[in-house]
Amino acid sequence: MQDETLLDILKKRGVSRRAFLKFCAAATSLMALPPTMASAVAEALAKAKRPSVIWLSFQECTGCTESLTRSFSPTLESLIFDAISLDYHETLQAAAGTAAEAARETAMKENWGKYLLLVDGSVSTRGGGYYSTVAGKTNLETLKEAAAGAAAVVCIGTCSSFGGIPYAKPNPTGAVPVSDIVKDKPVIHVPGCPPIPAVITGVLVQYLTFGTIPDLDELGRPRSYYGDTIHDRCYRRPYYDQGKFAKSFDDEGARNGWCLFELGCKGPTTHNVCATTKWNQGTSFPIQSGHGCLGCSEPNFWDNGSFYQALSTPIDSVAAAAATAAVVGVAAGVGVGIANHHAKAKAKAEHETVTVNDLEK
Amino acid sequence: MSGLDGIGVKVIDAGGDGSARAVLREIETLLTVLVEKGEEGSIDLSSLPLTPEAYDLLEETLGEGEVTAEVSSLGVTRVHETGIPGVWWVTHYNEDDDVMAEFIEVTHCPEILLTPEDDVKDGLEALRARLFEENMNKSSVE
Ligand code: SF4
């Protein structure tokens, strides 16, 4: 089973060569790679071995798993999910109790040093971590044990990436992000509350395809998905640049679909692909539904003041802020869509776009 | 009139089709490369923040060409050549008819329409097997 390649598995599911090509085109798009990479992706995927994946859930709400499994089916996501060997996932596995724990231990032993460890939820550390235990073991112990044999750790969601809601003040359980515990393995952050399913699978596909860890930003997030802010790609951006803001959720501006900056939109400081990939099969995303971005893929989003407070308190400075962004928009915005995210993210590394500080200047 | 229609949403054009113009320029560049060097190129539309107006502008400008094709494999893939020969619009749907990925391909023929090399070989084998079976049936009747 372990020797089967992804292509073998897909073939068994009746996927033809043309379908594989289509699969690769979609996977390339999912990974935010330039379309010309599709043949390289096809070649790599045809040879890719089925990796063992262990998914641990700690202090979390299962929203991240829901995000992934409720994504439309049959999909690219579900095909990829079939292509990995998900050896342990408390919510999804059939086994329970001792049998489940035994399955985890076997999978770990057999694939020691090679498996991918996925974690959702933060880790309780207070009093040794007894606030959250599974099968009599603290999450802290389980994480240390499982991380020791992992090739890499992927933090699914804001809780495992940055602490998230359990970490919010006053943090009664002494919750910490995974990266506070795991120091000697590559840790990839896929934040979001929950993350967009396509982003979760995109990161997995990248690992599956190239066996490598994607290019990460300073917060450990893959640049291909978190390289741009929501604001960079928001369709309401022209209103922002023109200084047209909704002042309340039911005023003329709101009805006209103007920018939600003054209603607390955190789009300018939030890195994610909601504005392009969107949610529910690409149907919409919060801003399109008339509500500002909460900033859920950023650290401490829960403690960053009111969701309805403008990033900079504008009054007179709105015009100035808009002007700053307009200039940035011209510099970084024209033809932005054309450049692939990857190349752009690289450029971004040197030229970070709008931040709260820029807006407040 | 449904409840939703009762909500007074009024969308004012913010001149948000700028990205469509940028895509059109990119297509021009790719087409130049195809003409001059014979190299193919493509643009991933699913990664761009295109508004419905931007889509309309793209479609309008490119127009409809002579070829339309549908590939049924892992859901449907709809392919058509636009009014600009060499510029193809390729939309991959999944089995639920949701868009999985969408590309503008600048090429003589999108790869998804070509028969894969190995499929041709399999095809030859399959045909031979069928002919063989037919022969057997015939000889058993005789
Ligand atoms: S502030 Fe929010 S609504 Fe306004 S353009 Fe930026 S991301 Fe869009």
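Residues numbered from 1 in each chain as written. Chains lettered and ligands numbered in written order. Predicted model: local features only at pLDDT ≥ 70, side-chain atom pairs only at ≥ 80, totals over all residues. Heavy atoms only, no water.

Here we look at the site of the ligand
Residues and elements named next belong to chain A. Every residue close to the ligand is listed here: His231, Cys234, Arg236, Arg237, Tyr240, Cys259, Leu260, Phe261, Cys265, Gly267, Pro268 and Ile287. The cavity that encloses the ligand is the largest cavity. Each residue belonging to the shell around the ligand can be placed in one class, and the counts come to eight nonpolar, two polar and two charged. (Near = heavy atom within 4 Å. 1 Å grid on protein atoms, 1.4 Å probe; cavity = no way out; pocket = protein on both sides within 12 Å on 5 of 7 lines; lining within 4 Å. Sits in = over half its atoms within 2 Å of the grid points. Nonpolar A, V, L, I, M, F, W, Y, C, P; charged D, E, K, R; others polar.)

Focus on the environment of Gly227(A)
Inspection of the secondary structure puts Gly227(A) in the loop between helix H11 (223-226) and helix H12 (237-242). Relative accessible area serves as the criterion here: at 15%, Gly227(A) is assigned to the buried category. (Helix = DSSP H or I, 4+ residues; strand = E, 2+ residues; numbered from the N terminus. Buried < 20%, exposed > 50% of the residue type's maximum accessible area, 1.4 Å probe, protein only.)

A word on the environment of Ser19(B)
For Ser19(B), the position within the fold is in helix H1 (residues 18-37). When the C-alpha atoms of Ser19(B) and Leu58(B) are compared, they prove to be 9.6 Å apart, with 39 residues separating the residues in sequence.

A word on empty space enclosed by the protein
All names here are of chain A. Under the definition given, this model contains three cavities of 30 Å³ or more. Around the largest cavity, the lining residues are His231, Cys234, Arg236, Arg237, Tyr240, Cys259, Leu260, Phe261, Cys265, Gly267, Pro268 and Ile287. In terms of residue class, the lining of the largest cavity is built from eight nonpolar, two polar and two charged. What the second largest cavity holds in volume is close to 60 Å³. If you go around the second largest cavity, the residues you meet are Leu56, Ser57, Phe58, Tyr88, Glu90, Glu101, Arg104, Val134, Lys137, Asn139 and Thr142. Of all elements in the fold, only strand E1 (52-57), helix H6 (97-110) and helix H7 (139-148) reach the threshold of two or more residues within the lining of the second largest cavity. Classifying every residue of the lining of the second largest cavity by side-chain character gives four nonpolar, three polar and four charged. (Points joined across faces, edges and corners; volume = space filled by probe spheres on them.)

Describing a negative patch on the surface
Residue and element names in this part refer to chain B. Together, Glu53, Asp56, Glu59, Glu60 and Glu64 make up a region of like negative charge exposed at the surface. With four residues, helix H2 (residues 52-62) is the single largest residue contributor to the negative patch. Turning to its location among the elements, Glu59 is positioned in helix H2. Here Glu59 falls in the partly exposed class, since its relative accessible area comes to 44%. (Patch = residues over 30% accessible without salt bridge, like charges linked within 9 Å, V, L, I, M, F, W, Y side chains within 5 Å. Areas by Shrake-Rupley, 256 points an atom, 1.4 Å probe, with all protein chains shown as cover. Salt bridge = Lys/Arg side-chain N within 4 Å of Asp/Glu carboxyl O. Lys, Arg positive; Asp, Glu negative; His and termini not counted. Charge placed at Lys NZ, Arg CZ, Asp CG, Glu CD.)

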